Amino acid sequence: MPDVGLIGTGETGERDGRGRFAKGCSGNPAGRPRGIPNPAARAALLLEGEAEALVRKAVDLALAGDAAALRLCLDRVLGPRRGRPTPFDLPAIDSALDLPAALAAIVAAAADGTLTAEEALALAQALAPLPVALEAREKEERLRERIARYLRSRAGGG
């Protein structure tokens with residue numbers, strides 16, 4: 001092995017000059033051996049073959065009125081609400097002066113339940129880059145107007 005400036009670290013292996021473990025040297029030589037499943041995988045192995053009975057029991061409990069079992073079953077069937085179309089009237093944004101009204105409309109829609117907090121946050125974040133874009137558009141419009149005035153003055157005075 002070429003000399004890469006290894007420094008000893010005792011029982012945990014060798015490290016290079018930047019503190020990284022050298023190739024082939026474990027940072028935890030007494031760690032979990034290969035082939036031994038992690039605790040979650042071991043628990044899944046214990047439940048193997050019982051999954052159908054457990055699901056049936058959860059459904060029976062939910063049908064009997066157990067709120068926690070009902071929530072568990074519905075969470076698995078319906079999943080979290082994401083990406084749904086939301087009927088929401090966002091005011092037109094033609095200039096930076098329109099942004100406060102748009103943000104106020106988003107907050108009002110979140111307050112009355114039309115939008116979830118996550119949807120309102122996503123919309124507000126979508127508006128964040130607009131001031132820069134609107135300012136660039138306004139600068140371009142002013143520049144075009146100046147050029148047009150200049151060209152008119154040259155055409156009329158030439």
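Everything that follows concerns the structure shown earlier in this document.
The text that follows walks through the structure, step by step, so that each part is easy to find. (Residues numbered from 1 in each chain as written. Predicted model: local features only at pLDDT ≥ 70, side-chain atom pairs only at ≥ 80, totals over all residues. Heavy atoms only, no water.)

### Concerning helix H1 (residues 39-47)
Part 1: Among the residues of H1, the N-terminal cap falls to asparagine 38, whose side-chain oxygen and the backbone nitrogen of alanine 40 are separated by 3.2 Å.
Part 2: In the stretch just after H1, glycine 49 is the one whose phi turns positive, near 90°. (Polar contact = N/O pair within 3.5 Å; in protein donor to acceptor, adjacent residues only side chain to side chain. Helix = DSSP H or I, 4+ residues; strand = E, 2+ residues; numbered from the N terminus.)

### A few points about the pattern of salt bridges
Side chains bearing opposite charge may pair, as long as their charged atoms lie close to each other.
Part 1: Counted under the stated rule, the structure contains five salt bridges.
Part 2: The partner of lysine 139 in a salt bridge is glutamate 135, with the nearest N and O atoms 3.6 Å apart. In this pair, lysine 139 and glutamate 135 both sit in helix H6 (residues 130-157), four residues apart, roughly one turn of the helix. (Salt bridge = Lys/Arg side-chain N within 4 Å of Asp/Glu carboxyl O.)

### Thoughts on the nonpolar core
Part 1: Counting residues in hydrophobic clusters, the biggest one holds nine residues: Ile93, Leu99, Ala102, Ile106, Ala109, Leu115, Ala120, Leu127 and Leu134.
Part 2: Broken down by secondary-structure element, the contributors of at least two residues to this core are helix H4 (99-111) and helix H5 (117-127).
Part 3: For this core, the leading source of residues is H4, giving four residues.
Part 4: Look past the residues within four positions of alanine 109 in its chain and what remains in contact with it is Phe88, Thr114 and Leu115. (Core = buried A, V, L, I, M, F, W, Y, C linked by side-chain atoms within 4.5 Å. Buried < 20%, exposed > 50% of the residue type's maximum accessible area, 1.4 Å probe, protein only. Contact = heavy atoms within 4.5 Å.)

### Structural notes on a nonpolar patch on the surface
Part 1: On the surface, a nonpolar cluster with roughly 410 Å² of combined accessible area is contributed by Leu70, Leu74, Val77 and Leu78.
Part 2: The exposure class assigned to leucine 74 is partly exposed, which follows from its relative accessible area of 41%. (Patch = residues over 30% accessible without salt bridge, like charges linked within 9 Å, V, L, I, M, F, W, Y side chains within 5 Å. Areas by Shrake-Rupley, 256 points an atom, 1.4 Å probe, with all protein chains shown as cover.)

### Here's the deal with the side chain of serine 95
Part 1: Mapped onto the elements, serine 95 comes out in the loop between helix H3 (67-78) and H4.
Part 2: Its relative accessible area of 18% is what places serine 95 among the buried residues.
Part 3: Not counting residues up to four positions away in its chain, the partners in contact with serine 95 are Leu134, Arg137 and Glu138.

### Focus: the packing of helix H2 (residues 51-63) against H3
Part 1: Contact pair H2 / H3: the axes reach a minimum separation of 7 Å and the direction vectors enclose 120°. Between H2 and H3, the angle is such that the two are oblique. The two elements H2 and H3 cross, and the hand of that crossing is left-handed. On H3, the residues touching Ala58, Val59, Leu61 and Ala62 of H2 are Ala69, Leu70, Leu72 and Cys73.
Part 2: By residue class, the composition of the contact of H2 with H3 is eight nonpolar, no polar and no charged. (Axes fitted to C-alpha atoms, helices over the stretch in contact; angles between N-to-C directions. Parallel < 35°, antiparallel > 145°, perpendicular 65-115°, else oblique. Left-handed = near helix turned anticlockwise from the far one by under 90°. Nonpolar A, V, L, I, M, F, W, Y, C, P; charged D, E, K, R; others polar.)

### Points about the packing of H4 against H5
Part 1: Two elements in contact, H4 and H5, have axes separated by 10 Å at closest approach and are oriented at 170°. One element, H4, and the other, H5, form an angle in the roughly antiparallel class. Across the interface between the two elements, Leu99, Ala102, Leu103, Ile106 and Ala110 of H4 pack against Ala120, Leu123, Ala124 and Leu127 of H5.
Part 2: Its residues assigned to classes, the contact of H4 with H5 shows nine nonpolar, no polar and no charged.

### Thoughts on H4
Part 1: Over its 13 residues, H4 runs 18 Å from end to end, which matches the ideal 18 Å to within 8%, given 1.5 Å per residue.
Part 2: Those residues of H4 that fall on the buried side of the exposure criterion are Leu99, Ala102, Ala105, Ile106 and Ala109. Relative to the axis of H4, the buried residues are bounded by an arc of 125° and lie together on one face. Turned more than 90 degrees away from the buried face of H4 sit Pro100, Val107 and Ala111, all of them exposed. (Expected span 1.5 Å × (residues − 1). Arc of directions from axis to C-beta.)

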